[in-house]
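# Notes for the structure review
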Amino acid sequence: MDFKRWQQKMFFYLTTLCLQKFIKEDVPDLPDETPENESFLVIEAWKHSDFLCRNYILSGLEDNLYNVYSGVETSKELWNALEKKYKTEDAGMKKFVAAKFLDYKMVDSKSVITQVQELQVIIHDLLVEGLVINEAFQVAAIIEKLPPLWKDFKNYLKHKRKEMSLEDLIVRLRIEEDNKAAEREEAVEIQQ
């Protein structure tokens, strides 16, 4: 689904196993003067480590992809084949993530903080795709996307003179959400 994320996680995993070099290297080419027994040992050690690396990568794939790529000979070939196939598919991700951000609408039936966190994930995805969104724009976008019942608070935030950081906005939203919850509880208690 998200090849870049999978690739980063897999690279980290291979690095912790000291196998990451096999996604870039071919079988070592040893000088002719290398003794035959030493040459055999070096190549067999490389093949063994490459086998491990290739199978760690394969085991990180979904079952249907495992079957497609299990015949690939080396880790490097496997890594390159996956990059060629899925990095090109990621090319359309910028448009997809931008549309997801622009279409995102907050609703009254869900916690505002939860929705802000969902929006932050989308913003992170935009940044990963290389789209630059400064903090002031992020703050303005979140304020603009507040749900209908937050209209008064939204207007209050829009008319503040001092620029607010994303962190400050989230703190204010959390406080306002807690206040709204307390008001609802009071209203319920009064009705009873």
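See the structure shown above.
What comes next is a walk through the structure. (Residues numbered from 1 in each chain as written. Predicted model: local features only at pLDDT ≥ 70, side-chain atom pairs only at ≥ 80, totals over all residues. Heavy atoms only, no water.)

Phe153, Lys154 and Leu157 are the residues of helix H8 (residues 151-158) that are buried. Taken around the axis of H8, the buried residues stretch over an arc of 105 degrees, which confines them to a single face. Away from the buried face of H8 by more than 90 degrees, exposed residues Lys151 and Asp152 are located. Elements that come into contact with the buried residues of H8 comprise helix H7 (135-144) and helix H9 (166-191). (Buried < 20%, exposed > 50% of the residue type's maximum accessible area, 1.4 Å probe, protein only. Helix = DSSP H or I, 4+ residues; strand = E, 2+ residues; numbered from the N terminus. Arc of directions from axis to C-beta. Contact = heavy atoms within 4.5 Å.)

Relative to each other, helix H5 (residues 93-103) and helix H6 (residues 112-128) sit at 150 degrees, their axes nearing to 9 Å. The angle between the axes of H5 and H6 places the two elements in the roughly antiparallel class. Seen along the crossing, H5 lies across H6 with a hand that is left-handed. Side by side, H5 and H6 meet where Val97, Ala98, Lys100 and Phe101 of the first sit next to Leu119, Ile122, Ile123, Asp125 and Leu126 of the second. Considered class by class, the residues forming the contact of H5 with H6 number 7 nonpolar, no polar and 2 charged. (Axes fitted to C-alpha atoms, helices over the stretch in contact; angles between N-to-C directions. Parallel < 35°, antiparallel > 145°, perpendicular 65-115°, else oblique. Left-handed = near helix turned anticlockwise from the far one by under 90°. Nonpolar A, V, L, I, M, F, W, Y, C, P; charged D, E, K, R; others polar.)

Here the focus is H9. Counted at 1.5 Å a residue, the expected span for H9 with its 26 residues is 38 Å, and the 37 Å between its end C-alpha atoms agrees. Every buried residue belonging to H9 is among Leu166, Leu169, Ile170, Leu173, Glu176, Glu177 and Lys180, and all of these are buried. (Expected span 1.5 Å × (residues − 1).)

With respect to the helices and strands, glutamine 8 occurs in helix H1 (residues 3-16). Among the residues examined, glutamine 8 registers a relative accessible area of 59% and is labelled exposed. Along the backbone, glutamine 8 and tyrosine 69 are 61 residues apart, and their C-alpha atoms lie at a distance of 19 Å.

What follows concerns the pattern of salt bridges. For the structure on display, the rule yields 8 salt bridges. Lysine 76 is paired through a salt bridge with aspartate 26; the nearest N and O atoms lie 3.2 Å apart. Here the residue lysine 76 occupies a position in helix H4 (residues 75-89), and aspartate 26 occupies one in the loop between H1 and helix H2 (36-59), the gap between them amounting to 50 residues. The partly exposed category is assigned to lysine 76, whose relative accessible area is 22%. The salt bridge partner of lysine 158 is glutamate 144, with a shortest N-O separation of 3.1 Å. Here glutamate 144 lies in helix H7 and lysine 158 lies in helix H8, a separation of 14 residues in the sequence. Under the relative-accessibility criterion, lysine 158 is labelled partly exposed at 42%. For glutamate 144, a relative accessible area of 43% gives the class partly exposed. In this structure, a network of salt bridges that share partners links the residues Glu144, Lys154 and Lys158. (Salt bridge = Lys/Arg side-chain N within 4 Å of Asp/Glu carboxyl O.)

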